[in-house]
Amino acid sequence: MAQPNTTEKKDTLKIIWRLFSFLKPYSLLVGLAFLLLIVSTLLSLVTPIITKTAIDKYILCYNFSGLPKIALLLLLVTVFQSVLSSFLRVLTEYISQNTVHYLRKTLYEHLNNLSIGFFDWSKTGELMARITSDTSLVGRLYGFASINMLVNFLTLIGIFVVVTIWQPLLGLLYLALLPFVYLAMKAYALKVRPLWRKNREASGEITALMQEVITSIRVVKLFGKENAELERFGAKNIEVRDLLIDTSRTSSFWMPYVGFLTSVASALVLLIGGFLVIDNKLTIGTLIAYTSYLGYLARPIRQSGFLINMIQSSASAGERIFELLDTVSKVEEKADAKEVPSVKGKLSFINVSFAYPNTKLLLKNINLEIEAGETLALVGPTGAGKSTLISLIPRFYDPSQGEIRLDDVNIKEYKLKSLRQKIGFVLQETFLFDGTIFDNIAYGKPLSTLEEVKSVAKAAEIADFIESLPKGYDTEIGERGVRLSGGQRQRIAIARVLLVNPPILVLDEPTANIDAGTEAKMEKAILNVSKNRTTIVIAHRLWALKNADRIAVLENGKLTQVGTHQELYQLDGFYAKAYKEQALDFSREEEI
Ligand SMILES: Nc1ncnc2c1ncn2[C@@H]1O[C@H](COP(=O)(O)OP(=O)(O)O)[C@@H](O)[C@H]1O
Ligand SMILES: [Mg+2]
């Protein structure tokens, strides 16, 4: 029991310490805030002292003449104190929001630099929750929680000092209460922390679930799965509700204990303090001041519940933030990585093998050389590993064995960004952003002129379509390009790649899901764009195969055939068989 408890506490402290390290850029302001906090807390302790003086020195001595001065002092102290604490709140909010902003920025930048492999295994909604709500939670630690913890702590100590000076017995009495307070806090923290962690996880899962459904709403509706999805959501929703109720119940049951403690304290003070007054060891003013200090005590005790809560949840949020921040990219850039010089575009796969994490070997000993300017068609059955093979070129993943060379230099020698600039990718699934057609084409080169964009749109055989739209290149295409057809999206994606003018172009089944009319346009577009650059096209269609310089067949993770159309056609392999089947279909279609 004791062991996990102490390690958990150590971890929490470590996380909080690390969270506070993000305050470094603001250390001067933090120092100022600290100073303000001390002064304002001390001032708040002065009020009972003034009251005590007023009672003992003036009221009990029937001396009215001095009272107005004392009353004015009391007023001044209180007003000044409240102005100071307002200023303190503004200052801490400034520091806290700036730190959260910095944390969010760091996290987002880190996320952008993680390798694709990380995203294969992460849920989008959960990642979003880490960047948005987890950082906000931490913001409360920097602001509200820290201020109140410190104020409470200083108040507790300050009261002890003052009352001990007045009467050591009162100090002892006060001290005797503190262990109970501490124990109560500790018991509470142990119960509530795990609940909070679960709470955060469950809300993260809910966000992830919603995100998944909303992005694939078409599929959900087509399969009539609305109710099933509602049920899935409902179950999670109930889980979150129950957890929150549970958390609140745990915190609430702790409250009467606090109430009991303060009642015991008041009773004891009345008894012991009264005795001391009667025994002439204590003035009435002191007893009254002491009682008002006990009133001060209620605040730290009562607040400690939700302050601990807040700190615990910030620690959980911090834990999740650091988990993400500490994830190192599987694809690492060498410290002395270079920019890619102007290359011809020769690509060599040398003995490349690859497996996804925790799966069996997918690509086995791939040896392939693609000459600069060559067009290679990559064919093979679904699931053979074609998409995986090409995703190794921009280093979305690194080979488990072997290496890939660009103009005879291992691609690991280059900076990732620079390498990726040299490779144009048109994926099976095109990703367009919410914005205009112009913005989407110019994504990789935002400072392009309209003329430049027009010329690549023309090469991609999409210019006529765009120009037929009322708003032309300024047409808004909607989130992820939902207002365009598949073929139109593909050709916009091709134009986007062309604008960057990369020496290497990779097209992954660009004509899958495209009708025959559009396919002719795509064929022309691809012919246009593969000129003067190394092109790899994954495609099964005849025209792609006929236009390719060479064809490579990938079956079951192995390259089984590589050669020209003529060469492979002669052989009795996958290629010849597939080609003949398709040619048959093709001629049948022609007949009809
Ligand atoms: N991110 C991934 N993580 C784990 N396995 C994957 C991942 N992507 C694809 N696979 C698996 O790798 C195999 C090959 O996929 P892929 O390269 O897409 O084949 P192809 O493009 O030839 O159809 C498939 O069995 C697929 O399930
Ligand atoms: Mg594929």
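Because the structure is predicted, anything quoted here is derived from the model rather than measured. (Residues numbered from 1 in each chain as written. Chains lettered and ligands numbered in written order. Predicted model: local features only at pLDDT ≥ 70, side-chain atom pairs only at ≥ 80, totals over all residues. Heavy atoms only, no water.)

A closer look at helix H15 (residues 486–500)
Here H15 is 15 residues long and its end C-alpha atoms lie 22 Å apart, about the 21 Å a rise of 1.5 Å per residue gives. Burial runs high along H15: twelve of the 15 residues are buried. Turning to H15, its buried residues are Gly487, Gln488, Gln490, Arg491, Ile492, Ala493, Ile494, Ala495, Arg496, Val497, Leu498 and Leu499. Directly beyond the C-terminal end of H15, a positive phi value near 55° is found at asparagine 501. (Helix = DSSP H or I, 4+ residues; strand = E, 2+ residues; numbered from the N terminus. Expected span 1.5 Å × (residues − 1). Buried < 20%, exposed > 50% of the residue type's maximum accessible area, 1.4 Å probe, protein only.)

Quick look at the sheet that holds strand E1 (residues 347–354)
Across the sheet, four strands lie side by side as E2-E1-E4-E5; this open sheet has antiparallel pairing. The open sheet has two free edges, formed respectively by strand E2 (363–370) and strand E5 (409–410), since each of these has just one partner strand. Examined bridge by bridge, E1 and E2 share five bridges and lie antiparallel to one another. Residue valine 352 lies in a different strand from E2, and its bridge partner there is isoleucine 366. (Pairing = 2+ DSSP bridges.)

Observations regarding a negative patch on the surface
A surface patch of negative charge is lined by Asp434, Asp439, Asp474 and Glu476. Examined against the element boundaries, aspartate 474 turns out to sit in the loop between helix H14 (463–468) and H15. (Patch = residues over 30% accessible without salt bridge, like charges linked within 9 Å, V, L, I, M, F, W, Y side chains within 5 Å. Areas by Shrake-Rupley, 256 points an atom, 1.4 Å probe, with all protein chains shown as cover. Salt bridge = Lys/Arg side-chain N within 4 Å of Asp/Glu carboxyl O. Lys, Arg positive; Asp, Glu negative; His and termini not counted. Charge placed at Lys NZ, Arg CZ, Asp CG, Glu CD.)

Side note on the site of ligand 1
The full set of residues close to ligand 1 is Asp120, Tyr356, Leu362, Pro381, Thr382, Gly383, Ala384, Gly385, Lys386, Ser387, Thr388 and Tyr397. Measuring from an oxygen atom of ligand 1, one finds a backbone N or O atom of alanine 384 at 3.2 Å. In this structure, glycine 385 approaches ligand 1 through a main-chain N or O atom, which is 2.9 Å from an oxygen atom. About the coverage of ligand 1: the protein hides 64% of its 570 Å² of free accessible area. No other element matches helix H10 (residues 386–391), which puts three residues into the shell around ligand 1. (Near = heavy atom within 4 Å. Polar contact = N/O pair within 3.5 Å; in protein donor to acceptor, adjacent residues only side chain to side chain.)

Description of unusual backbone geometry
Positive phi, normally seen in glycine, also occurs at tyrosine 62, with a value near 50°. Position of tyrosine 62 relative to the elements: it lies in the loop between helix H2 (27–59) and helix H3 (67–113). The backbone of glutamate 461 shows a phi angle near 60°, a positive value even though the residue is not glycine. By the secondary structure assignment, glutamate 461 is in the loop between helix H13 (450–459) and H14.

Some remarks on the domain arrangement of the chain
Each assigned domain of the chain is listed here: domain 1 (27–325), domain 2 (338–422 + 508–513 + 535–592) and domain 3 (426–501). The gap between the C-alpha centroids of domain 1 and domain 2 is 60 Å. (Domains from an automatic or database assignment.)

Observations concerning the pairing of strand E7 (residues 504–508)
Among the five residues that make up E7, five are buried, leaving the element largely enclosed by the rest of the structure. Along E7, one buried face is formed by Ile504, Val506 and Asp508 and the opposite face, lined by Leu505 and Leu507, is buried too. Two elements, strand E6 (residues 423–426) and E7, share four bridges in a ladder whose sense is parallel. Across the sheet, residue valine 426 finds its bridge partner in E7, namely leucine 507.

As for empty space enclosed by the protein
Throughout the structure, instances matching the rule amount to one cavity of 30 Å³ or more. Of the voids in this model, the largest cavity is the one considered here, and its volume is about 40 Å³. For the largest cavity, the full set of lining residues is Phe349, Leu368, Ile370, Leu376, Leu378, Leu389, Ile390 and Ile536. When contributions to the lining of the largest cavity are tallied by element, the ones reaching two or more residues are E2, strand E3 (375–379) and H10. (1 Å grid on protein atoms, 1.4 Å probe; cavity = no way out; pocket = protein on both sides within 12 Å on 5 of 7 lines; lining within 4 Å. Points joined across faces, edges and corners; volume = space filled by probe spheres on them.)

Observations concerning the packing of aromatic side chains
Two numbers describe a pair of aromatic rings. These are the distance of the centres and the angle of the planes. If you walk through the whole model with that rule in mind, you get twelve aromatic pairs. Relative to tyrosine 296, the ring of tyrosine 293 lies with its centre 5.6 Å away and its plane at 90°, an arrangement referred to as edge-to-face. You can see tyrosine 293 and its partner tyrosine 296 sitting in helix H9 (residues 284–325), three residues apart, about one turn around the helix. Using a relative accessible area of 1% as the deciding quantity, one classes tyrosine 293 as buried. The interplanar angle of 85° and the centroid separation of 5.0 Å between the aromatic rings of phenylalanine 354 and tyrosine 356 together place this pair among those described as edge-to-face. Judged by relative accessible area, which is 3%, phenylalanine 354 ranks as buried. These aromatic residues form a ring-pair network of at least three members: Phe22, Tyr102 and Phe322. Its guanidinium or amino end placed over the ring of phenylalanine 322, arginine 18 lies 3.9 Å from that ring's centre, counting from NZ or CZ. The aromatic ring of tyrosine 569 is capped on one face by lysine 580, whose charged end is 5.1 Å from the ring centroid. (Phe/Tyr/Trp six-rings, centres within 6.5 Å; stacked < 30°, edge-to-face > 60°. Lys NZ or Arg CZ within 6 Å of the ring centre and 35° of its normal.)

A few points about the pattern of salt bridges
Under the defined criterion, the tally for this structure stands at 22 salt bridges. As a salt-bridge pair, aspartate 242 and arginine 241 come within 3.1 Å of each other at their nearest N and O atoms. The class for aspartate 242 is partly exposed, based on a relative accessible area of 38%. When its relative accessible area of 47% is taken as the criterion, arginine 241 is described as partly exposed. The salt bridge partner of aspartate 408 is lysine 346, with a shortest N-O separation of 3.3 Å. Taken as a pair, aspartate 408 in the loop between strand E4 (401–406) and E5 and lysine 346 in the loop between H9 and E1 lie far apart in primary sequence, 62 residues in all. Assessed through its relative accessible area of 18%, lysine 346 is described here as buried. If you follow the salt bridges from partner to partner, you end up with Glu126, Arg130 and Glu323 in one network.

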